[in-house]
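Single-letter residue listing:
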Amino acid sequence: MPVRSPWVRTRLRTAPLAALLTAVLAFCAVFLAAALPRELDRSADQALTASLQRVDQTDTQIQADAAPRQQTGPARAADLDVALAALTPQLSPHLPLDAHDVAYGERSRQPRELPDPGLARPDGVDPRLNLLYLGRTDGHLHLVDGHWPNAAPRHGVLQVALSRATARTLGVRVGQLLHTNGLMAPRIDVQVVGLYTPLEPDGRFWAGLSCATHACLLPLPGGDDPPRYWLATALIGASSVAVTDTWSGGLGEDFWWLPVDYTRLHGDTLALSRADLSSWMGGPTQQAAAEASGRYNLLVDSPLLALLDRAAARQAAIRPLTAIGPAGLAGVVAVVLCLAAGLTAERRAAELRLLRARGGSRRDLVLRLLGESLSTVLPAGLLATWLALVLLPTPRLLPALVAAVAALLFALLAVPVRTLLRDTLALRPARRRRGRRLVAELALLAAAVAAVAEVRRRGVGGLDPLQVAAPLLLAAVGAVLLARCQPLLVGALARAAGRGSGAVGFLGLARAARGTGGARRPSVLPLLALTLAVTTAGFGAATLRSVSDSRSALARLAVGGDASVVAPPGATLPPGLARSLAALPGVSLGTAFWEQDDVTVVKDGAVQPPATLVAVDPQTYARLARAVGRGAFDPAQLTTPSSGSGSPVPGLVSGDLAGAGSGHGYALRLDGGRQLQVTGVGVVTGTPAVPDATATVVVLPASAVAARLPDVSRPNRWLGLGAVGDARLRAAVPAAFGTDTSAAHVAALADDPLQAAAARIFWACTVATWCFALLAVLLALVRAGPERAALLARLRTMGLRPRQGLRLILAESLPQTLTAALGGGLAATAAVLLLGPTVDLSPLVGTPVPTGLTLTAPPILEQTLIVAGLVAVAGLAEATVQGRRQITVELRAGDGR
């Protein structure tokens, strides 16, 4: 009786290395599919947390206020605890409470003045004191002297505790009695019985109670330079809560500040968080909270709603730019899986034909191949999914699981489906196969054209699948065109090489013009992988370069150059400072000038809006204006010689002054009664010295103005171009002078976690895309390896030298890969030209900028060269390995290769 061996176990034992490589490839594909959604969620959550950490922490609280109940003594304080216990359950899971930093209690609405002598009075104004009862202070402050206020007011004296910093500022000691001014009845004096220090004075608990941690220096209302006074807050005990009513001359205010734990907010649930917060501020939740607490006059407000709205809008705007890298990676991974499946199908073609000849059906073959895939791909995919979930923790599971299942199914079915298609297509006539391929290529071209046209017609808003898919469709069209054109181009090169004396180049190029295994043309899959890699990487790199250029341009406009030095009001630049600044390392251009604001302009007898007068050196300032991109002019306009000391000075004016054109006369009235006659010789759209592009400006030549205004010979500003660091610039000028650099503005614009996360994800996907594109090249080389090795062995028997064999392999393998890299660069350029005008860079730049990408060669060329270099190295390595094989290893009797 014959013994039957299990099919799967036999196949795995026969080809263990192939099974291992299949499992590794499936592991990588599924891990990336599961990890990318998790990383996107984590990046969005981290960016949301970081952005909320930077705002005023009072803006991250739900602030509930109500009028106090008419109770006295400890019962009034206990009622605040009851209300808090009723309010906190109203918070939903999408608005998690930071229970440690909850602040609640009662406070006075109006402070009282303290006229006692000896207290600190910066401008002779009496300090003022507010009262505050806190219902929960454990873990937030520490008593350092005296005792807590524990007695009810007696004989008009109230016990209070002050922070030690406040006591030092006001000059108060423990036990001191402080009197009020008696303007409010009844009169209440306070006795300081204790001093405390806040444990976390900058924490969220004290965010809205800053004057309770230290005295606040505030100006009196009204006036340009009002006197200042100290405002302090004193803590009172539970027995004295009702005093806040009389202290304010009316009612006190009960408050419950519920801080939201924004570290537990998630980007994917922002809509739910915003809905719950809106309900708190004026909806069912507010009504339920008022009924539960018994405070029907409860008012709820929170600036957090506006912050969440802004975060949601920025995430929606930046999402399509973040999705380009993962989409390109997904396309390359799919191509690599198809290549691996094709390699497996070709390697086992003879075996499967034998099984079909012995009576095996297609269904049986597909099921056996599926069983092999289940034994290798499924465990690897499950392990990859589990590892991605563990290494990248985030609450949302569904996107990662859906992506992992899709990648796992693709990897499982790749070999069985490829084998079935190969068997099916082999039965069809060649003319029919070519017709179907032409129809598929035309459909792909139509889809790409429709996607590009639709994106350009309606623009982009939010996560637009068309904008994400359009670059990939353009890359696919480029790969198809390359697959059609490459055999013709390489064939022409082969014919040209055939007219030479050597046969190596002709043989290599002739083989490159067709596919392996007797195919008429090379496979389109390696071309598609490389073109996708270069296109997505080039398009993304062009986007990031445009973002960087936009930031630099905006920073230069804000500064007026790359570095700025401003003298204090009424002062001028010290002699020689302009020369020392121009000599700083990195400075390529520097110009000092005189500037005065609020200059009165009279035109045709009518007073115009105040202008900024800038007296400059025309040559250097014109170069600066051209580099900055604002107010460019021809310096010859300001170098017209004047006919006399009393003649008007030539000047450039902004458009609001010029009116219909130049040639008008202007009278400038400066401080001190000085006047200057100016003739408009040109119109400028702003000037580098003034950040506001719409400001009214007048630009004059300093040499012509100096004789009439001696101040002009002593400049008060300096602007420079070049790589100047903030610290180096500050060290070169006196401490009282103002400095600014474009580098600091660029750093401020780039200091955004959401932007950094988008760039980080793109580069991570780009590196992974490079690796899979390289793997696609290696698979293509391995696919043609046996046939090429046999050819080399036969040629070696006819006298082919090893070095010639190496050249032959390179001539065969490099044209396809290098052409694909070049085609990807062209596809990336086309994507930038066609889709670039629809891309809104404002979310990545950090401020509103005009929509559209700037086409620059370096980013696309860099990506093209990187991929071309990788595939060239891979081809050289494969050629070296193949060239060293022995003839006897390759030539066997009956070998049909």
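As a reminder, the structure under discussion sits directly above these lines.
Residues numbered from 1 in each chain as written. Predicted model: local features only at pLDDT ≥ 70, side-chain atom pairs only at ≥ 80, totals over all residues. Heavy atoms only, no water.

Quick notes on the overall build of the protein
Step number 1: Per the secondary structure count, the protein includes 27 helices and 21 strands.
Step number 2: A fraction of 80% describes how many contacts in the protein between residues 6 or more apart in sequence connect residues 24 or more apart.
Step number 3: Accessible surface, the protein as shown: approximately 40,500 Å² in total, 61% of it carbon and sulfur. (Helix = DSSP H or I, 4+ residues; strand = E, 2+ residues; numbered from the N terminus. Contact = heavy atoms within 4.5 Å. Areas by Shrake-Rupley, 256 points an atom, 1.4 Å probe, with all protein chains shown as cover.)

Focus: the pattern of salt bridges
Step number 1: For the coordinates displayed, the defined rule picks out 23 salt bridges.
Step number 2: With a shortest N-O distance of 3.4 Å, Arg 128 and Glu 113 are connected by a salt bridge. Of this pair, Arg 128 sits in strand S4 (residues 128-134) while Glu 113 sits in strand S3 (residues 112-113), and the two are 15 residues apart along the sequence.
Step number 3: Exposure remark for Glu 113: the relative accessible area of 25% places this residue in the partly exposed category.
Step number 4: Among the salt bridges present, the one from Glu 862 reaches Arg 545, with a minimum N-O distance of 3.8 Å. Taken together, the positions of Glu 862 in helix H26 (residues 857-883) and Arg 545 in helix H16 (residues 524-559) put the pair 317 residues apart, joining distant regions of the chain.
Step number 5: Judged by its relative accessible area of 40%, Glu 862 falls in the partly exposed class.
Step number 6: Bridged by salt links that share partners, the residues Arg 69, Asp 79, Asp 254 and Arg 295 form one connected network. (Salt bridge = Lys/Arg side-chain N within 4 Å of Asp/Glu carboxyl O. Buried < 20%, exposed > 50% of the residue type's maximum accessible area, 1.4 Å probe, protein only.)

Here's the deal with the layout of surface pockets
Step number 1: Taken as a whole, the second largest pocket encloses approximately 1,100 Å³ of empty space.
Step number 2: Lining the second largest pocket are 42 residues, and of these Leu 36, Pro 37, Leu 40, Ala 323 and Pro 326 sit closest to its centre.
Step number 3: Here the lining of the second largest pocket gets 14 residues from one element, more than from any other, and that element is helix H9 (residues 304-347).
Step number 4: Per-class residue counts for the lining of the second largest pocket are 31 nonpolar, six polar and five charged. (1 Å grid on protein atoms, 1.4 Å probe; cavity = no way out; pocket = protein on both sides within 12 Å on 5 of 7 lines; lining within 4 Å. Points joined across faces, edges and corners; volume = space filled by probe spheres on them. Nonpolar A, V, L, I, M, F, W, Y, C, P; charged D, E, K, R; others polar.)

Looking at helix H8 (residues 284-293)
Step number 1: Listed as buried for H8 are Thr 285, Gln 286, Ala 289, Ala 290 and Ser 293. With its buried residues spanning 135° around the axis, H8 presents them on a single face. With respect to the buried face of H8, the exposed residues turned more than 90 degrees away are Pro 284 and Gln 287.
Step number 2: Buried positions along H8 lie against helix H3 (74-87), helix H7 (270-282) and strand S12 (299-301).
Step number 3: Where H8 ends, the next residue or the one after it, Gly 294, has phi of about 75°, a positive value. (Arc of directions from axis to C-beta.)

These figures come from the coordinates and say nothing about function on their own.
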